[in-house]
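# Structure assessment
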Amino acid sequence: MFHNSSQGKYWIFLNEDDVEQKRYKANQKSRNKILESGKPGVSESKLLERHEEDVLFRHYEKRMVDYCNAFKPAMPKSVVGTAIMYFKRFYLNNSIMDFLPPIIMLSCAYLSCKVDEFNVSSTQFVGNLLQETPAGQERVLEQILEYELLLIQQLKFHLVVHNPYRPMEGLLIDLKTRYPTLENPESLRKNADDFLTQAAMTDAGLLFPPSQIALTAILNSASRAGLSMESYLIECLRLKEDKDALSKMYDSMRRMKTLLKKYELPKAEEVIACKKKLERIHAEFSSLSNKRKRGYEEDGHVAKEPRLTEEEWTDEDLL
Amino acid sequence: MDDQGCPRCKTTKYRNPSLKLMVNVCGHTLCENCVEMLFVRGSGNCVQCDTPLRKSNFRVQLFEDPTVDKEVEIRKKVLKIYNKRDFDFPSLREYNDYLELLEEIVYNLTNNIDVENTKLQMEQYQRENRDLIQKNKVKLTREQEELEELLLLEQQGNEQRRLELLQDEQRQLQAKRKNKQALLDELEQSQLPATILLAQHKVRAAKLETQIEQQKQAVKPTSLFSTGINMRQTVTLQLPPKIEEVLFQYKALQVETYGPPVPELEQLGRLGYLNHVRAAMPQDTAGGYSSALACHRAIQDAFSGLFPLKR
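Computed from a prediction, not measured in an experiment: that's the story for all the values here.

With that out of the way, let us pick up the overall build of chain B. Within chain B one finds ten helices and five strands. The burial tally for chain B puts 23% of its 311 residues in the buried class. Carbon and sulfur atoms provide 54% of the accessible area of chain B, an area that totals close to 24000 Å².

This part takes up the environment of Gln143(A). All names here are of chain A. Here Gln-143 is to be found in helix α7 (residues 134-154). Residue Gln-143 is classed as buried on the basis of its relative accessible area of 6%. The spacing of Gln-143 and Ser-107 is 36 residues in sequence and 8.6 Å in space, taken between C-alpha atoms.

Let us look at the interface of chain A and chain B. Across the boundary between the two partners, chain A contributes 26 residues, which contact 25 residues of chain B. Taking both sides of the interface into account, the surface hidden between chain A and chain B amounts to around 2300 Å²; carbon and sulfur atoms contribute 65%. Summed over the shared surface of chain A and chain B, the result is one salt bridge. Taken together, the connections running from chain A to chain B amount to eight residue pairs in polar contact (both at pLDDT 80 or more).

Residue and element names in this part refer to chain B. A contiguous nonpolar surface patch, about 280 Å² in accessible area, is contributed by Leu-62, Phe-63 and Val-68. Structurally, Phe-63 is set in the loop between β5 (59-60) and α3 (66-81). When its relative accessible area of 37% is taken as the criterion, Phe-63 is described as partly exposed.

Residues and elements named next belong to chain A. By the definition in use, this model includes 16 aromatic pairs over all chains. Between Tyr-67 and Phe-125 the ring centres are 5.9 Å apart and the planes differ by 75°, which places this aromatic pair in the edge-to-face class. In this pair, Tyr-67 is assigned in helix α3 (residues 50-69) and Phe-125 in helix α6 (residues 122-127), connecting sequence segments 58 residues apart. Classification of Tyr-67 by relative accessible area gives buried; the value is 5%. What makes Phe-125 buried here is its relative accessible area of 0%.

All names here are of chain A. It is at 10 Å that the axes of α3 and helix α5 (residues 101-115) come closest, and there the two elements cross at 40°. Considering the angle they form, α3 stands oblique to α5. In this structure, the crossing between α3 and α5 has a hand that is right-handed. The segment α3 lies against α5, with Tyr-60, Arg-63, Met-64, Tyr-67 and Cys-68 engaging Pro-101, Pro-102, Met-105, Leu-106, Cys-108 and Ala-109. A per-class count over the contact of α3 with α5 returns ten nonpolar, no polar and one charged.

All right, on to the environment of Glu71(B) then. Residues and elements named next belong to chain B. Assignment of secondary structure puts Glu-71 in helix α3. A relative accessible area of 29% means that Glu-71 is categorised as partly exposed. As for Glu-71 and Leu-109, which are separated by 38 residues in sequence, their C-alpha atoms are 8.3 Å apart. In this structure, Glu-71 is in contact with Val-106 and Thr-110, ignoring residues within four places of it in sequence.

Okay, empty space enclosed by the protein next. All names here are of chain A. This model, assessed by the stated rule, comprises eight cavities of 30 Å³ or more. Taken as a whole, the largest cavity encloses approximately 170 Å³ of empty space. The wall of the largest cavity is formed by 19 residues, among which Met-85, Asn-163, Pro-164, Ala-200 and Gly-205 lie closest to the centre. Looking at the lining of the largest cavity, the elements with two or more residues in it are α4 (77-93), α9 (186-201), α10 (204-207) and α11 (210-224). Looking at which element gives the most residues to the lining of the largest cavity, the answer is α4, with four residues.

Ordered in space as β2-β1-β5 (chain B), the three strands form an open sheet in which the pairing is antiparallel. Of all strands in the sheet, those bounded by a partner on one side alone are β2 (29-31) and β5 of chain B.

What follows deals with a positive patch on the surface. Residues and elements named next belong to chain B. There is a patch of like positive charges on the surface, built from Lys-76, Lys-77, Lys-80, Lys-119 and Lys-137. For the positive patch, the leading source of residues is α3, giving three residues. As for its position among the elements, Lys-119 is in helix α5 (residues 115-128). By relative accessible area, Lys-119 is classed as partly exposed at 47%.

Before going further, it helps to examine the nonpolar core. Residues and elements named next belong to chain A. Counting 102 residues, the largest nonpolar core has Phe-87, Phe-125, Leu-175, Ile-218 and Met-229 as its most contacted members. Broken down by element, the residue count for this core peaks at ten residues, all from α4. Domain assignment of the residues forming this core places at least three in each of domain 1 (47-160) and domain 2 (164-262).

Turning to the pattern of salt bridges, a few remarks are in order. This structure, assessed with the given rule, holds 28 salt bridges over all chains. With its nearest N and O atoms 3.9 Å apart, the salt bridge here joins Glu53(A) to Arg50(A). One end of the pair, Glu53(A), and the other, Arg50(A), are both in helix α3, three residues apart, so they sit about a helical turn from each other. Given a relative accessible area of 12%, Arg50(A) falls into the buried group. Note that Arg204(B) and Glu186(B) form a salt bridge whose closest N and O atoms lie 3.2 Å from each other.

A few words on unusual backbone geometry. Here the residue pair Lys72(A) and Pro73(A) is connected by a cis peptide bond, since its omega of 0° sits within 30 degrees of zero. Even without a glycine there, the phi angle at Phe157(A) is positive, about 60°. Relative to the elements of secondary structure, Phe157(A) occurs in the loop between α7 and α8 (165-178). Notably, Tyr258(B) is not glycine yet its phi reads approximately 50°, a positive angle.

What follows deals with the confidence of the model for chain B. Residue and element names in this part refer to chain B. Considering every residue of chain B, the mean pLDDT works out to 83; 91% of them sit at 70 or more. Ranking the elements of chain B by mean pLDDT puts helix α1 (residues 12-15) last with 70 and helix α10 (residues 291-303) first with 91. Interface predicted TM-score (ipTM) for the complex: 0.82; the corresponding pTM is 0.60.

Basis of the calculations
Residues numbered from 1 in each chain as written. Chains lettered and ligands numbered in written order. Predicted model: local features only at pLDDT ≥ 70, side-chain atom pairs only at ≥ 80, totals over all residues. Heavy atoms only, no water. Helix = DSSP H or I, 4+ residues; strand = E, 2+ residues; numbered from the N terminus. Buried < 20%, exposed > 50% of the residue type's maximum accessible area, 1.4 Å probe, protein only. Areas by Shrake-Rupley, 256 points an atom, 1.4 Å probe, with all protein chains shown as cover. Contact = heavy atoms within 4.5 Å. Buried area = accessible area lost by both parts, 1.4 Å probe. Salt bridge = Lys/Arg side-chain N within 4 Å of Asp/Glu carboxyl O. Polar contact = N/O pair within 3.5 Å; in protein donor to acceptor, adjacent residues only side chain to side chain. Patch = residues over 30% accessible without salt bridge, like charges linked within 9 Å, V, L, I, M, F, W, Y side chains within 5 Å. Phe/Tyr/Trp six-rings, centres within 6.5 Å; stacked < 30°, edge-to-face > 60°. Axes fitted to C-alpha atoms, helices over the stretch in contact; angles between N-to-C directions. Parallel < 35°, antiparallel > 145°, perpendicular 65-115°, else oblique. Left-handed = near helix turned anticlockwise from the far one by under 90°. Nonpolar A, V, L, I, M, F, W, Y, C, P; charged D, E, K, R; others polar. 1 Å grid on protein atoms, 1.4 Å probe; cavity = no way out; pocket = protein on both sides within 12 Å on 5 of 7 lines; lining within 4 Å. Points joined across faces, edges and corners; volume = space filled by probe spheres on them. Pairing = 2+ DSSP bridges. Lys, Arg positive; Asp, Glu negative; His and termini not counted. Charge placed at Lys NZ, Arg CZ, Asp CG, Glu CD. Core = buried A, V, L, I, M, F, W, Y, C linked by side-chain atoms within 4.5 Å. Domains from an automatic or database assignment. pLDDT = per-residue confidence, 0-100.

Written as structure tokens, this is what we have:
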């Protein structure tokens, strides 16, 4: 359950600034590393700024969600949610300059299928990359497998992710059973679903417990339909005993809604500009990423021959 | 067992595996026959080392290596003199030192190192601690007696059991024989057809079997407690020390869910939750699934973490 999960203990942060701070630190670390490496032609302006990283991050997140939605067989929502969460957590502590998003995004999706017990074979998984030839798909698969262990390590081996979809179902059941004032809770379902899908793209998963996100979704959908559910909160959830808790709850909900409103997809020109920058960085300072890829080699007792040569990464290869 | 031959007659050991080897104080072995022959006058010299020996000092060899036997003998003699116990010493360290001293003496005597000095040491110790030795001897004998009592009792118990078993078997055999004889007699004399007689015989045989079984299980009024002590025996054993332990107190598990309380699994149906969950199909219930399980899980997830965390 969430209350004693690793998610609750280690991956829920106090506020948006906390999260931003972590990302900033990761970015700084990567920049310093590249600057200190002393390669010719290094200059501050060539490295990615924080907001540029953000642009790319959101872009690739969207691409991952599109990939998962186009997946055959149909991927359950929880698998997509888990994959997005892994992506977010990974780039909380690492910078985009060190690890290229396209492969990480596929690794996240692959890992999430395994963890959530959505059984697809690896060939089936890369078979969904429609732009690639079978040989190309093989190569992608090898790269996914190379990054997988590193990904798990950066997630601190906390692989179970609690998504808000089941809590939403539970709340609907509870509404139907204990709150007859609301006539047709099913009508709230669609809007709540949309809310949850949007919330998954924001940082809400890193800031609030999934049950709170689900509750916000339902309340939001109810208010859109013009229904008031305050009595539900007070009676059934017994929040009236603790006045403080009720106000805090409203506060969280407001913050969540702000997050959703703030979210917007990056513009195409921005994306292209940032991508170019990233590619240039990667090409010039690629030796760094070569070493970091094989995470398990850092132990020193596993020596692996480089199986693949570094390829020029362009996005169009994949999707 | 016959890796050693008698050093004198050599062949006899292999030919006669029941022949015993005897060891003396010098550590060399001789088979029984050779002992008889050589020490017919009571004393003589050892065949291998020429030390003067007496016939009475020969003991049956218990260990494969005669030097071990020699050491065992020496140790027994030393321990008769050095018979202090662990509670005679004020600290563990001193007890260990004493033991080490003992081992040195035994080692010296066994390997013929410094025999003179060691013997002098022993005599000196004996003179100094005469009373202590005497006291300890008495204590030791008492313990020996207790042990021997126990052994005796055990042996007696075993013997009794064996005898009873034999008697039971005898009785059974007799009963069976009588039964067979009775059948033959009846077949001879009675007027009834053979099949009926056979049937009667079978019934009787079955009854006999059950009787015997019952007899075996009959509880005899015993004269023994379950621990093996006779009912009228005065107990000379020490009671084992009683260890007082703190009793275990059960405390129910407390889990903080940061949310409203979740109804119990069994209550869900009564409270009406199950009406809003997809009912379980026969295929599902076959595996043990019930809709209450899914419902409970969903409600738990919905309520867990709902209240703001107290940081």
